[in-house]
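# Per-entry structural report
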Amino acid sequence: MEHKMKLYEEPFREIQSGKKTVEIRLYDLKRRKLKEEDTIEFTKLPVEDEKLTVKIKKLCTYPTFREMFEDIPAEKFGIVDNNIEKRVKSIHTLYSPPREQEWGSLAIEIELLFS
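Residues numbered from 1 in each chain as written. Predicted model: local features only at pLDDT ≥ 70, side-chain atom pairs only at ≥ 80, totals over all residues. Heavy atoms only, no water.

### A closer look at unusual backbone geometry
The peptide bond linking Leu45 to Pro46 adopts the cis configuration, its omega dihedral lying at 5 degrees. Tracing the backbone through its elements, the reader meets Pro46 in the loop between strand 3 (39-45) and strand 4 (51-62). Its identity as a non-glycine residue notwithstanding, Glu37 has a phi of 85 degrees, on the positive side. Following the sequence through the fold, Glu37 ends up in the loop between strand 2 (22-26) and strand 3. (Helix = DSSP H or I, 4+ residues; strand = E, 2+ residues; numbered from the N terminus.)

Written out as structure tokens, the structure is:
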């Protein structure tokens, strides 16, 4: 099954270059439909003029983003700075703490197929 998601330019480029092999999302209703071996077509924001396709290798859920960041090496997220506090603060600008508490977090391990 193919799923569609959007990414801002920096994470899009990191996946495209092979540096980023784990995408982070809230484990909401849309993400609960994901299965290993499914594909995701990412569209680059804001212009939506480029796409890339990845295959889901593994799905890992965590109660919080902090637990995810403590478990998965930073380089898999395409991150050089492993300051967990900064990473948690940054992800909370996208997904608020109440939403994180309601849904939990999802690490999607991916493999680039088409760019």
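Having put the structure on the table, let's press on.
### Examining the side chain of Lys44
The residue Lys44 is located in strand 3 in this model. Excluding residues that lie within four positions of it along the chain, Lys44 makes contacts with Leu7, Glu9, Phe12, Arg13, Asp49 and Glu50. (Contact = heavy atoms within 4.5 Å.)

### Overview of the packing of aromatic side chains
In the structure shown here, the tally under the stated rule is two aromatic pairs. Centroid distance Phe65 to Tyr95: 5.8 Å. Interplanar angle 10 degrees. Geometry classified as stacked. Taken together, the residues span a long stretch of sequence, with Phe65 in helix 2 (residues 65-71) and Tyr95 in the loop between helix 3 (84-94) and helix 4 (97-103) at a distance of 30 residues. You'll find Phe65 and Tyr95 in the same group, each marked buried. (Phe/Tyr/Trp six-rings, centres within 6.5 Å; stacked < 30°, edge-to-face > 60°. Buried < 20%, exposed > 50% of the residue type's maximum accessible area, 1.4 Å probe, protein only.)

### Details of the confidence of the model for the chain
Averaged over the chain, the pLDDT score is 95; the fraction of residues at 70 or greater is 99%. Mean pLDDT across the elements of the chain bottoms out in helix 3 (94) and peaks in strand 4 (98). (pLDDT = per-residue confidence, 0-100.)

### Brief notes about the sheet that holds strand 3
Within the open sheet, the five strands sit side by side as 1-3-4-5-2. Their pairing is mixed. If you trace the sheet from one side to the other, it starts and ends with strand 1 (2-8) and strand 2, each paired once. Taking each pair of neighbouring strands and ignoring which way they run, the sheet shows an average axis angle of 40 degrees. Strand direction decides the pairing type here: strand 1 and strand 3, joined by seven bridges, are parallel. When the sheet's bridge partners are listed, Lys4 is paired in strand 3 with Glu41. Strands strand 1, strand 2, strand 3, strand 4 and strand 5 (105-114) of the sheet are contacted by helix 1 (residues 9-17), whose axis makes an angle of about 120 degrees with strand 1. (Pairing = 2+ DSSP bridges. Axes fitted to C-alpha atoms, helices over the stretch in contact; angles between N-to-C directions.)

### So, the side chain of Glu23
Here Glu23 lies in strand 2. For Glu23, a relative accessible area of 5% corresponds to the buried category. Among the polar contacts made by the side chain of Glu23, one reaches the side chain of Lys20 at a distance of 3.2 Å. Excluding anything up to four places from it in sequence, Glu23 contacts Leu7, Ile15, Phe42, Leu106, Ala107 and Ile108. (Polar contact = N/O pair within 3.5 Å; in protein donor to acceptor, adjacent residues only side chain to side chain.)

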